Amino acid sequence: MRIITGTARGRKLTAPEGLTARPTTEIVKEAVFSAIHFEVPGARVLDLFAGSGQMGLEALSREAQSAVFVENARVCLDAVRGNVSACGFEDKSRVLAMDALAYIQSSGDTFDIAFLDPPYGEGILEAVLPYVARRMSERGVIICETGHREDLPETVGDFALVKIKRYGKTKVHYYRRPEKEEE
């Protein structure tokens, strides 16, 4: 795993040991960042179920304003903290050791980009998505990674599922607010 481009380009990232995390593949990461390329600079990013933190770190490398990394597995937290430090992004990062649902239910933070990559097949996204939608800015995008057999709801709050891309055994879902028509 490495940072693809930006200020930390080429920096190698540490993956958590064991089966606790399933890092996003480089192909998926490249595709996601190609899709949101122009939205990243200046964005406030949420990396929920952070794992190694690679999605939030990639965003910071591409000039995101800040990133919040939420993770509750100890081995993953150690990897996130080490990767944040190795990339030199301590001043733009908050690493929170807590349950994703507990964080998003109690948070007052607002985000422009949210990356959600929980364990596959456990129904966790359905529980957290409504809360994430409430924490998003007007032009926000929610990006969810799931197993290829998982389906997510067409709408979440005032967000609609606008795109699904499949990459082998992984699906990436993009949620956005529908464009408001001018009167």
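Before reading further, recall that the structure is shown in the block above.
About the cut-offs
- Residues numbered from 1 in each chain as written.
- Predicted model: local features only at pLDDT ≥ 70, side-chain atom pairs only at ≥ 80, totals over all residues.
- Heavy atoms only, no water.
- Pairing = 2+ DSSP bridges.
- Helix = DSSP H or I, 4+ residues; strand = E, 2+ residues; numbered from the N terminus.
- Contact = heavy atoms within 4.5 Å.
- Axes fitted to C-alpha atoms, helices over the stretch in contact; angles between N-to-C directions.
- Buried < 20%, exposed > 50% of the residue type's maximum accessible area, 1.4 Å probe, protein only.
- Salt bridge = Lys/Arg side-chain N within 4 Å of Asp/Glu carboxyl O.

Enquirer: Quick rundown of the sheet that holds strand β4 (residues 111-116)? Include the residues and the values.
Expert: One open sheet accounts for eight strands, arranged β3-β2-β1-β4-β5-β8-β7-β6; its pairing is mixed. The open sheet has two edge strands with one neighbour each: β3 (93-97) and β6 (155-156). Of the pairings in the sheet, the one linking strand β5 (residues 136-147) to strand β8 (residues 170-176) comprises seven bridges and is antiparallel in character. Across the sheet, V141 pairs through a bridge with R176, a residue of β8. In the packing of helix α1 (residues 26-36) onto the sheet, the strands contacted are β4, β5, β7 (159-167) and β8, and the crossing angle to β8 comes to about 20°. Running at roughly 175° to strand β2 (residues 66-71), helix α2 (residues 54-61) makes contact with β1 (44-48), β2, β3 and β4 of the sheet.

Enquirer: Can you break down the pairing of β4 residue by residue, with the values?
Expert: For β4, a buried count of six out of six residues is recorded, marking the element as mostly surrounded by other parts of the structure. By the bridge criterion, four bridges tie β1 to β4 in an arrangement that is parallel. Paired with L46 across the bridge in β4 is A114. Relative to β5, β4 is paired through five bridges, and the arrangement is parallel. Residue pairing across strands places I113 opposite V141, the latter belonging to β5.

Enquirer: Go over the pattern of salt bridges with me, naming the residues and quoting the values.
Expert: Going through the model one piece at a time under the given rule, you end up with ten salt bridges. Between R2 and E26 there is a salt bridge, with its nearest N and O atoms 3.3 Å apart. Taken as a pair, R2 in the segment before α1 and E26 in helix α1 lie far apart in primary sequence, 24 residues in all. The partly exposed category is assigned to E26, whose relative accessible area is 25%. The residue E58 makes a salt bridge to R62 at a minimum N-O spacing of 2.9 Å.

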